[in-house]
Amino acid sequence: MNGKTSYLALLAVGGLILSLSGVAVAFSSMGTSAMGFYRMLLGGLGLAGFALWRGLRWRMTRQALLYACLAGAALALDLYWWHKSIRMVGPGLGAILTNCQSFFLAGLAWAVFRERITVVYFVALVLAATGILMVSGAGLPVAADPDSASEHWLGVALGLASAAAYALCVVFIKKGQTPPHATHPAVNMAVLCAAAAPCLLAAAWLEGESLAIAGAADFGTLLLYGLLVQGVAWLMVSTAVPHVKASLAGLILLAEPIGTYAIDVLFFTARPTPMALAGMALTLAAIYAGSTYGGAPSGGAPARRMAKAQGSGH
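No experiment lies behind these values; they were computed from the predicted model shown.

When two helices pack together, their arrangement is given by the angle between their axes and by how far apart the axes lie. Where helix H4 (residues 62-89) contacts helix H9 (residues 185-206), the two axes come as close as 7 Å, and the packing angle between them is 45 degrees. The angle between H4 and H9 falls in the class oblique. Two packed elements cross with a definite hand, and for H4 against H9 that hand is right-handed. For the pair H4 and H9, contact is made by Leu65, Ala68, Cys69, Ala71, Gly72, Ala73, Leu75, Ala76, Leu79 and Tyr80 and by Asn188, Val191, Leu192, Ala195, Ala196, Cys199, Leu200 and Ala203, respectively. Split into classes, the residues belonging to the contact of H4 with H9 amount to 16 nonpolar, two polar and no charged.

Written out as structure tokens, the structure reads:
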């Protein structure tokens, strides 16, 4: 692709496609671990087919292979917790919670790569946490239904846990993609999917989830989730991000949680209150400000290599 406009369009379309992730999980009648397995299987096959079609080089160093497998295991944990969170709190809030991965990534970046964390980033972290409490608290069931309330907060906790696992996945990808170990993003992501798929398959087996595809609706959802979201969207984003400013990329990719939350309100059970809407706006603004102006990993050359390796979002 040539031209800044083409990369911006590619990034915008990829971010919008990623917003379908939570909808796919909420719509499907399959078990959450089984869905994750099919996502990795179909996405990995799609990426592998793309790499073979393009004649990309598959040779990887041992270090790159190790980190790709560790990243796959972390992503499997991310999806396992995230899927369960979506079933408990809905795709809108689930998308917002998992997008807090940038704040967990800041702590890991300081611990692993010794990146500087600024006051601006710390303030953004506090504001984002406040916004999350506003959104989740606004949707909390009344005390007369304590079982539902308990499930709601468990879903919030699982959503935040998925964000932490996703941040760990990005760290492993960054370490594995550091020259001279770097490989093409499609190849690296195909290996990552191959490592994540058995983990989710094991989780499905342990939880007694069936891998049978009930009908055309579930089959279509799996194709959407695996080929389109896992394969096409991540490849589009990872191709475009290195060619645009990090601040602009972060702004465009915020279309993912916004799009998912809008779909949740329009087509699912979400009934946002003014507090929930204000909390969502505060969280998204804090994520954007922290990742753009706070010295977070989304800026600079290391982040561009991370974005090239994987992209953003689910």
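With that out of the way, let us pick up the environment of Ala285. In this structure, Ala285 sits in helix H13 (residues 274-293). Spatially, the C-alpha atom of Ala285 lies 8.8 Å from that of Leu127, the residues being 158 residues apart in sequence.

We now examine the side chain of Ser85. With respect to the helices and strands, Ser85 occurs in helix H4. In this structure the side chain of Ser85 is engaged in a polar contact, spanning 2.7 Å, whose partner is the backbone oxygen of Gly155. Sequence-distant contacts of Ser85, that is, excluding residues within four places in its chain, are made with Gly90, Gly94, Leu97, Gly155, Leu158 and Gly159.

Bringing the pattern of salt bridges into the picture now. Under the counting rule described, the total for this entry stands at one salt bridge. Put simply, Glu207 and Lys84 hold a salt bridge, and the shortest N to O gap is 3.5 Å. Here Glu207, found in the loop between H9 and helix H10 (216-240), pairs with Lys84, found in helix H4; they are 123 residues apart in sequence, far enough to count as distant.

Geometry of an aromatic ring pair is reported as the spacing of the ring centres plus the angle between the planes. Counted according to the given criterion, the structure contains three aromatic pairs. Summarising the aromatic geometry, the rings of Phe50 and Trp53 are spaced 6.0 Å apart at their centres and angled 55 degrees between planes, so their arrangement reads as tilted. One end of the pair is Phe50 and the other is Trp53, both in helix H3 (residues 32-54) and three residues apart, which spans about a single turn. Taking the relative accessible area as the measure of exposure, Phe50 reaches 22% and is therefore partly exposed.

Another aspect to go through is a nonpolar patch on the surface. Where nonpolar side chains cluster on the molecular surface, the patch consists of Val119, Phe122, Val123, Val126 and Leu127 and spans about 460 Å² of accessible area. Here Leu127 is to be found in helix H7 (residues 119-138).

Calculation rules
Residues numbered from 1 in each chain as written. Predicted model: local features only at pLDDT ≥ 70, side-chain atom pairs only at ≥ 80, totals over all residues. Heavy atoms only, no water. Axes fitted to C-alpha atoms, helices over the stretch in contact; angles between N-to-C directions. Helix = DSSP H or I, 4+ residues; strand = E, 2+ residues; numbered from the N terminus. Parallel < 35°, antiparallel > 145°, perpendicular 65-115°, else oblique. Left-handed = near helix turned anticlockwise from the far one by under 90°. Contact = heavy atoms within 4.5 Å. Nonpolar A, V, L, I, M, F, W, Y, C, P; charged D, E, K, R; others polar. Polar contact = N/O pair within 3.5 Å; in protein donor to acceptor, adjacent residues only side chain to side chain. Salt bridge = Lys/Arg side-chain N within 4 Å of Asp/Glu carboxyl O. Phe/Tyr/Trp six-rings, centres within 6.5 Å; stacked < 30°, edge-to-face > 60°. Buried < 20%, exposed > 50% of the residue type's maximum accessible area, 1.4 Å probe, protein only. Patch = residues over 30% accessible without salt bridge, like charges linked within 9 Å, V, L, I, M, F, W, Y side chains within 5 Å. Areas by Shrake-Rupley, 256 points an atom, 1.4 Å probe, with all protein chains shown as cover.

Spatial relationships are all this shows, so hold off on functional conclusions.
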